[in-house]
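This is what each chain is made of:
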Amino acid sequence: MKSQESKLLERITFIPGLMGGKPTIRGNRFTVIDIMELLSSGMTHQQILEEHPILEADDIKAALVFSTEQLRDEYIYE
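In this numbering scheme, every chain counts its residues from 1 along its sequence in written order. Local features in this predicted model are restricted to residues whose pLDDT is 70 or higher, and side-chain atom pairs enter the listing and the counts only when it is 80 or higher, whereas totals over whole chains, interfaces and linings include all residues. As a convention, hydrogens and water are excluded, and side-chain values are obtained from all of the structure's heavy atoms.

J.: Looking at this model, I keep getting lost on the pattern of salt bridges. Mind explaining?
T.: It is possible for side chains bearing opposite charge to pair when their charged atoms get close. Every case where a carboxyl oxygen of Asp or Glu lies within 4 Å of a side-chain nitrogen of Lys or Arg is listed as a salt bridge. Scanning the entire structure with this criterion turns up eight salt bridges. Among the ionic pairs, E10 bridges to K7, the shortest N-O distance being 3.6 Å. The same class applies to E10 as to K7, namely exposed. Salt-bridge contacts for D59 lead to R26; the nearest nitrogen and oxygen are separated by 2.7 Å. Of this pair, D59 sits in helix α4 (residues 57-71) while R26 sits in the loop between β2 (24-25) and α2 (32-40), and the two are 33 residues apart along the sequence. The network of salt bridges with shared partners includes R11, R26, E56, D58, D59 and K61. Only protein chains enter the accessibility calculation, which uses a 1.4 Å probe. A residue is then buried if its area is under 20% of the maximum for its type, exposed if over 50%, and partly exposed in between. Labels follow the DSSP assignment, with helices taken as runs of H or I lasting at least four residues and strands as runs of E lasting at least two, numbered in each case from the N terminus.

Shown next, in the form of structure tokens:
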């Protein structure tokens, strides 16, 4: 993994009791899945940042890197 990706992943936190222990962004009540759902709904990075000022551009990148890493070895069988 590249050092930039490692640095981004530092933004992902796991805090027992916060959001059911799901991965969150910088210890806030904003989960990685929240960001992924916003992106999949068609929102742009800029729209997400405007509507959710608690987020930073690197938070969106971190969510994407985290999701990619989680799925890297997952396979879908038909």
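Past the structure itself, the notes keep going.
J.: Where do I start with the environment of M36 in this structure?
T.: Here M36 is to be found in helix α2. Each C-alpha atom, one on M36 and one on Q47, is 13 Å from the other, the two residues being eleven residues apart in sequence. Residues are treated as being in contact if the distance between any of their heavy atoms lies within 4.5 Å. Aside from chain neighbours lying at most four places away, what touches M36 is A63, L64 and S67.

J.: Would you mind going over the nonpolar core with me for this structure?
T.: Across soluble globular proteins, you tend to see nonpolar side chains buried next to one another. Here, nonpolar core means buried Ala, Val, Leu, Ile, Met, Phe, Trp, Tyr and Cys residues that are tied together by side-chain atoms lying within 4.5 Å of each other. Counting 16 residues, the largest nonpolar core has I12, I25, V32, I35, I48 and L55 as the members making the most contacts within it. Looking at this core, the element that brings in the most residues is α4, giving five residues. Apart from the residues within four sequence positions on either side, I35 is in contact with I25, F30, L55, D59, I60 and A63.

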